[in-house]
Amino acid sequence: MNQLDRNAKGVYLITVTPFTDSGALDLASTDRMVDFCLEKGVTGLTVLGIMGEATKLTIEESRVFVRQVLARVNGRVPVVVGASAPGFAAMKELTDAVMDLGASGVMVAPPSSLRTDDQIVSYFQMVDETLGPKVPWVLQDHPVSTGVQMAPSVILRILKNSPTCVMLKHEDWPGLAKLSTIRAASGKGEIERVAILTGNGGGLFLPEELTRGADGAMTGFAYPEMMVDVVAAHARGERARAHDLFDAYLPLARYEQQAGVGLAVRKFLLKERGVIASDFVRKPGPKLSAQDVDDIRFLVQRQERRLREIG
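One structure accompanies this document, and this report is about it. Here the structure is a predicted model, which means the values were calculated and not measured.

1. Notes on the packing of helix α6 (residues 152-161) against helix α7 (residues 176-187)
Where α6 contacts α7, the axes come no closer than 10 Å and their chain directions differ by 40°. The element α6 and its partner α7 pack so that their crossing is right-handed. Along the contact surface, α6 presents Pro152, Ile155 and Leu156, while α7 presents Lys178, Thr181, Ile182 and Ala185. A class-by-class count of the residues in the contact of α6 with α7 yields five nonpolar, one polar and one charged.

2. Some words on α7
With 12 residues, α7 extends 16 Å from end C-alpha to end C-alpha; this agrees with the ideal 16 Å at 1.5 Å per step. For α7, the full list of buried residues reads Lys178, Leu179, Ile182, Arg183, Ala185 and Ser186. Buried residues in α7, looked at end-on, bunch into an arc of 155°, giving them a common side. In α7, the exposed positions that point more than 90 degrees away from the buried face belong to Ala177 and Gly187. On the buried face of α7, the contacting elements are β5 (137-141), α6, β6 (165-170), β7 (195-198) and α8 (206-211).

3. Notes on the pattern of salt bridges
A complete count under the given rule lists 20 salt bridges for this structure. Arginine 282 serves as the salt-bridge partner of glutamate 61, at 2.8 Å between the closest nitrogen and oxygen. Of this pair, glutamate 61 sits in helix α2 (residues 59-73) while arginine 282 sits in the loop between α11 (262-272) and α12 (290-310), and the two are 221 residues apart along the sequence. We classify glutamate 61 as buried; its relative accessible area is 19%. The class for arginine 282 is buried, based on a relative accessible area of 13%. Its salt-bridge partner being glutamate 171, residue lysine 169 comes within 2.8 Å of it at the nearest N-O pair.

4. Here's the deal with the nonpolar core
Leu45, Phe124, Trp137, Leu139, Met150 and Ile158 are the most contacted members of the largest nonpolar core, which has 94 residues in total. The leading source of residues in this core is helix α10 (residues 239-256), at eight residues. For leucine 139, the contacting residues outside a window of four places in its chain are Val108, Phe124, Met150, Ile155, Ile158, Cys165, Met167, Leu168 and Lys169. In this structure, Ala8, Ile14, Met167 and Ala195 belong to the second largest nonpolar core, which totals 12 residues.

5. Quick notes on the pairing of strand β3 (residues 79-82)
Every second residue of β3 is oriented toward a common face, with Val79 and Val81 on one face and Val80 and Gly82 on the other, all of them buried. At this point the chain moves from strand β2 (residues 44-47), through α2, to the parallel β3, and the crossover so formed is right-handed. Taking the sense of rotation as the criterion, the β-α-β connection linking β3, helix α3 (residues 88-101) and strand β4 (residues 105-108) turns out right-handed.

6. A word on empty space enclosed by the protein
A full pass over the atoms with the stated rule returns one cavity of 30 Å³ or more. Considering the residues around the largest cavity, the lining is formed by 13 residues, among which Leu13, Ile14, Thr15, Phe221 and Leu270 are closest to the centre. Looking at the lining of the largest cavity, the elements with two or more residues in it are β1 (10-14), α1 (27-39) and α11. For the lining of the largest cavity, the leading source of residues is α1, giving three residues. Taken together, the residues that form the lining of the largest cavity break down as 10 nonpolar, two polar and one charged.

7. Examining the packing of α11 against α12
Where α11 meets α12, the axes come as close as 11 Å, and the angle between the chain directions of the two elements is 60°. In this view, α11 runs oblique relative to α12, as classed from their interaxial angle. The hand of the α11/α12 crossing is right-handed. Along its contact with α11, which presents Val265, Phe268, Leu269 and Glu272, the element α12 presents Val293, Ile296, Arg297 and Val300. Counted by class, the contact of α11 with α12 contains six nonpolar, no polar and two charged residues.

Parameters at a glance
- Residues numbered from 1 in each chain as written.
- Predicted model: local features only at pLDDT ≥ 70, side-chain atom pairs only at ≥ 80, totals over all residues.
- Heavy atoms only, no water.
- Axes fitted to C-alpha atoms, helices over the stretch in contact; angles between N-to-C directions.
- Helix = DSSP H or I, 4+ residues; strand = E, 2+ residues; numbered from the N terminus.
- Left-handed = near helix turned anticlockwise from the far one by under 90°.
- Contact = heavy atoms within 4.5 Å.
- Nonpolar A, V, L, I, M, F, W, Y, C, P; charged D, E, K, R; others polar.
- Expected span 1.5 Å × (residues − 1).
- Buried < 20%, exposed > 50% of the residue type's maximum accessible area, 1.4 Å probe, protein only.
- Arc of directions from axis to C-beta.
- Salt bridge = Lys/Arg side-chain N within 4 Å of Asp/Glu carboxyl O.
- Core = buried A, V, L, I, M, F, W, Y, C linked by side-chain atoms within 4.5 Å.
- Right-handed = clockwise from strand over helix to strand, strands pointing away.
- 1 Å grid on protein atoms, 1.4 Å probe; cavity = no way out; pocket = protein on both sides within 12 Å on 5 of 7 lines; lining within 4 Å.
- Points joined across faces, edges and corners; volume = space filled by probe spheres on them.
- Parallel < 35°, antiparallel > 145°, perpendicular 65-115°, else oblique.

So yeah, pure geometry; function would need other evidence.
In structure tokens form, the structure reads like this:
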């Protein structure tokens, strides 16, 4: 098993959950999606994330979907599973199930009920105790979706208390200063170094975050090759090339990042690319208008032209 550790880097793509037009799990599309991601060069996969409609799945559906992904991956890359849950019993049940299936680790975000710094630190201490000493986990910092603001000092306290927290999924916005602060703390030996992968839908600040010390990206985008190529260019020291590639995809990534409608955009594009059979989004969820579709196709054409220009 590719167990998650502090040296993780690259692109861990957050996948969608494919459904049929009637809303059932589409396991054939799931297999195609896994193959597509691996062909594009991703380092790992993250399933049951916020954009994976995890809260719209039953516990049994979650298990079936994770089992299908892990079987198709067949150990080729690490797979992280979102395990956030309203209660610790459900979190423990899902974590045990997916780790037994071969998952590499789990990801946990704070519940929206947390208000103070001490509450946040205490909550993640309980997460650490609940998951146990053998389960590596990812701390997800996404205030836009959770409503929970975690200052750098709070994240550092959590990391000091939790030896099995091996990765920070950083997607605060604006968050470059926070990233720099956390990376500097590990550089000074204040905490053990953890992997930092960034989010913000398609990596809207990916080149800058890589310069600040991020190890890669953990987010979703209908064109995962963008993130793969940007991270690779940056690793080669080609900072300008990384920005040029990123800029070519930025208009579409920005469009896909729209609150409320972004998941529908991503699924539409994946259907257009032949990855999934249906762009169905479970309720409550958005639907695209004819004008939306026209916008998307126009942006795709411009993106293809720009990529040809930069080579």
